[in-house]
Amino acid sequence: MSTKAFFTHDEIGKDKVGFAKTRSIIEAPFYGNNVTMVTSLAQAYELAKNSPGTIVTDMPVYRGEEFGLPSDAKVLLFNDGSITGRYAAARRIAGEPGVDTDGLDKICMDAIYDTRWKKMYHAVVYIGLDPEFMVRAHLLIPEGEENIMYSWMLNFQYQSEFYNKMYKESKLYANEPDIYIFSDPQWKGTTQTDLCDGKCLSYFNTATNCACILGMRYFGEHKKGTLTIAWAVANRNGYASCHGGQKEYTLSDGSKYVASVFGLSGSGKSTITHAKHGGKYDVTVLHDDAFIINTDTCSSVALEPTYFDKTADYPTGCPDNKFLLTAQNCSATLDNEGKVTLVTEDIRNGNGRAIKSKLWSPNRVDKIEAPVNAIFWIMKDPTIPPVVKLKGASLASAMGATLATKRSSAERLAPGVDPNALVVEPYANPFRTYPLVNDYEKFKKLVAEKDVDCYIINTGDFMGKKVQPKDTLGVIEAIVEGTAQFKQWGPFEDIEIFEWEGFVPDLNDAEYVAQLKARMTDRLNFIASRDTVKGGFDKFPEDALAAIQKVVDQIESLLI
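Reading the values: rules and limits
Residues numbered from 1 in each chain as written. Predicted model: local features only at pLDDT ≥ 70, side-chain atom pairs only at ≥ 80, totals over all residues. Heavy atoms only, no water. Salt bridge = Lys/Arg side-chain N within 4 Å of Asp/Glu carboxyl O. Helix = DSSP H or I, 4+ residues; strand = E, 2+ residues; numbered from the N terminus. Buried < 20%, exposed > 50% of the residue type's maximum accessible area, 1.4 Å probe, protein only. Core = buried A, V, L, I, M, F, W, Y, C linked by side-chain atoms within 4.5 Å. Contact = heavy atoms within 4.5 Å. Axes fitted to C-alpha atoms, helices over the stretch in contact; angles between N-to-C directions. Parallel < 35°, antiparallel > 145°, perpendicular 65-115°, else oblique. Left-handed = near helix turned anticlockwise from the far one by under 90°. Pairing = 2+ DSSP bridges. Nonpolar A, V, L, I, M, F, W, Y, C, P; charged D, E, K, R; others polar. 1 Å grid on protein atoms, 1.4 Å probe; cavity = no way out; pocket = protein on both sides within 12 Å on 5 of 7 lines; lining within 4 Å. Points joined across faces, edges and corners; volume = space filled by probe spheres on them.

A. Spatial organisation of the pattern of salt bridges. Counting across every chain of the model gives 35 salt bridges. The salt bridge involving Lys118 is made with Asp184; its shortest N-O contact spans 3.0 Å. Of this pair, Lys118 sits in the loop between α3 (101–114) and β6 (120–130) while Asp184 sits in strand β10 (residues 179–184), and the two are 66 residues apart along the sequence. One salt bridge in this structure joins Lys223 and Asp289, with 3.4 Å as the shortest N-O distance. Of this pair, Lys223 sits in helix α6 (residues 219–236) while Asp289 sits in the loop between β16 (282–287) and β17 (291–294); the two residues are 66 residues apart in sequence, bridging distant segments of the chain. A relative accessible area of 2% means that Lys223 is categorised as buried.

B. Examining the nonpolar core more closely. Of all hydrophobic cores here, the largest spans 66 residues; its most connected members are Trp377, Leu390, Phe443 and Trp489. Among the elements that line this core, the one with the most residues is helix α11 (residues 510–529), at seven residues. Once residues lying within four places of it in the same chain are set aside, the contact partners of Trp377 are Phe262, Leu390, Ala396, Met399, Gly400, Leu403, Tyr427, Phe443, Cys454, Tyr455, Ile456 and Ile457. Leu76, Phe133, Ile181 and Tyr239 belong to the second largest nonpolar core, which has 61 residues in total.

C. Just the side chain of Asp184, in detail. When its relative accessible area of 3% is taken as the criterion, Asp184 is described as buried. When sequence neighbours within four positions are dropped, the list of residues in contact with Asp184 reads Thr115, Lys118, Pro142, Ile213, Leu214 and Gly215.

D. Focus on the packing of helix α8 (residues 393–401) against helix α9 (residues 436–448). Relative to each other, α8 and α9 sit at 135°, their axes nearing to 8 Å. Taken together, the axes of α8 and α9 are oblique relative to one another. The crossing of α8 and α9 is right-handed. Along its contact with α8, which presents Ala393, Ser394, Ala396, Ser397 and Ala398, the element α9 presents Asp439, Tyr440, Phe443, Lys444, Val447 and Ala448.

E. Spatial organisation of the sheet that holds strand β23 (residues 353–356). Overall, mixed pairing links the five strands, which are arranged β3-β4-β20-β23-β19 in an open sheet. Both edges of this open sheet fall to β3 (55–60) and β19 (307–310), since each of them pairs with a single strand only. Strand-to-strand, the axes of this sheet are offset by a mean angle of 25°, without reference to chain direction. Sheet topology places strand β4 (residues 74–78) next to strand β20 (residues 324–328); three bridges connect them, and they run parallel. When the sheet's bridge partners are listed, Phe78 is paired in β20 with Gln328.

F. Local environment of the sheet that holds strand β18 (residues 300–302). An order of β13-β17-β18-β24 is seen for the four strands of this open sheet, with the pairing classed as antiparallel. Looking at strand neighbours, the two that pair on one side only are β13 (239–242) and β24 (367–368), the edges of this open sheet. Each of β13 and β17 touches α6; the most contacted strand, β13, lies at about 155° to it. Contacts from α9 reach β13 and β17, with the element oriented near 110° to β13.

G. Broad picture of the environment of Val504. Tracing the backbone through its elements, the reader meets Val504 in the loop between β33 (492–497) and α11. With a relative accessible area of 43%, Val504 lands in the partly exposed category. Separated by 118 residues in the primary sequence, Val504 and Pro386 have C-alpha atoms spaced 8.9 Å apart. Look past the residues within four positions of Val504 in its chain and what remains in contact with it is Phe462 and Glu499.

H. Region of the structure containing the packing of helix α2 (residues 41–49) against helix α4 (residues 146–155). As a packed pair, α2 and α4 sit with axes 8 Å apart at the nearest point and diverge in direction by 150°. The pairing of α2 with α4 is recorded here as roughly antiparallel in orientation. Remark: the crossing between α2 and α4 carries left-handed chirality. Residue-level contacts link Leu41, Ala44, Tyr45, Leu47 and Ala48 of α2 to Glu146, Asn147, Met149, Tyr150, Met153 and Leu154 of α4. Looking at the contact of α2 with α4 residue by residue, the classes come out as nine nonpolar, one polar and one charged.

I. Structural view of α4. Counting buried residues in α4 gives ten out of ten residues, a clear majority hidden from the surface. Along α4, the residues that are buried comprise Glu146, Asn147, Ile148, Met149, Tyr150, Ser151, Trp152, Met153, Leu154 and Asn155.

J. Structural context of empty space enclosed by the protein. A complete count under the given rule lists two cavities of 30 Å³ or more for this structure. Taken as a whole, the largest cavity encloses approximately 80 Å³ of empty space. In this structure, the largest cavity is lined by Leu76, Leu77, Phe78, Asp80, Asn147, Ile148, Ser151, Arg217, Phe219, Thr326, Ala327 and Gln328. Secondary structure elements with two or more residues in the lining of the largest cavity: β4, α4 and β20. Here the lining of the largest cavity is composed, by residue class, of six nonpolar, four polar and two charged.

It is worth stressing that arrangement in space is one thing and function is another; only the former is reported here.
Here is the structure:
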């Protein structure tokens, strides 16, 4: 797949592909006489290295020449100030109830006008690393923000002879124009706080593949903002958009097993994706954050070549830091040789980040041709044992749609809020801009029509007992090897359990059953609430609610 960038005069005009109002506002400034085209990663590196405030460490970029960087390239550090994370409240999505696109369009027009006094940079990347799915994306960003641009080009696939040829040979989807993203982190804000946050805005019109990001310094806003649009493109063209990880096991008999894992930050998603399992299998990794599954062939494509990871768990001197390309929101110091080196472990602030090269995972692939065998919803729900298997397609997808975790003990809760209530993030993807039913139907199809197995993995604690990584990996290995013995779990017709030693639930324990009912009721209430939240934008089909209600009813039978 490739997207459309050039149009004949007959293709240009009102109501034609690529020429909607918001897109026309965002695309035009890319051709201004104040715009400089950035044509290579080496050029982006030099601009970022010389940008005011950049900390050029003495840490070499490992095998940087393979990425088109100078042989003496160093890891660059840039700090954003006090804001070191994403800000969901700034997101406005065209098409959602209550979003005033006319008003937001005018804010974008004024913001773009104000950048006429600035030098702007235009960078281009590919999202998707196989001819089956490649989307071309453009970023326009002001001088002074070169580090964001450089990290953006590293995070996605910068243009190279190899990928340019691949893109040229891929099939053109004439209904999908290139992605255009206008960004001004230096935006001074607006008094129109009835339309958006007065200091920042992430405005997406994913139906026409464009976005405007204003007042947002954090690189993660640009990474996820770009993925937001790419996932919407994938959704429209028959793919399940996945914020998760995928790996392929090759067993001793030569058979393959492809596992997809979905979980929120801190759930263990990346740990599971990159686990080597003590060398028991030949493991290849697709990605640990962004990929898509073809719902017809069940093959999968990675969207990014590199990894945007937290640095909290990678102290100075950690061997993994050898693969760093850029770092954000970390500190720096001089080592005993007088060299500038990173200070990680979130000493300066929370959520220190770095982009790691593709070389960090030597078993990386960009596409897994073999069909996916299993989906694992990773949750931190203290009422669920380390693993259960979901048999019904509606229940399997509904549980993914109510993928949940416990609240953090650091959260300040309003009076009356149940501290044990689950926090739900459907399919672990907070970056969806299309109706939730689209994901629901795609994952349901994988289970119902493509015989994909579906499991819930609990990586938190089970009724006060911590599920250790060795437990999680042990469960997964048993499933992959086909030795896990599942049986019906109590009265639940559509749930099977593999009884892992030390974590067998007692369905005769009234307190446990009451908590299980409460947590399943959380899910039931979430699905029911979508009928009215955002004007029903994310309303589920009736079978989703019925699948969870059935489980709740079966729990109630235990309380009689």
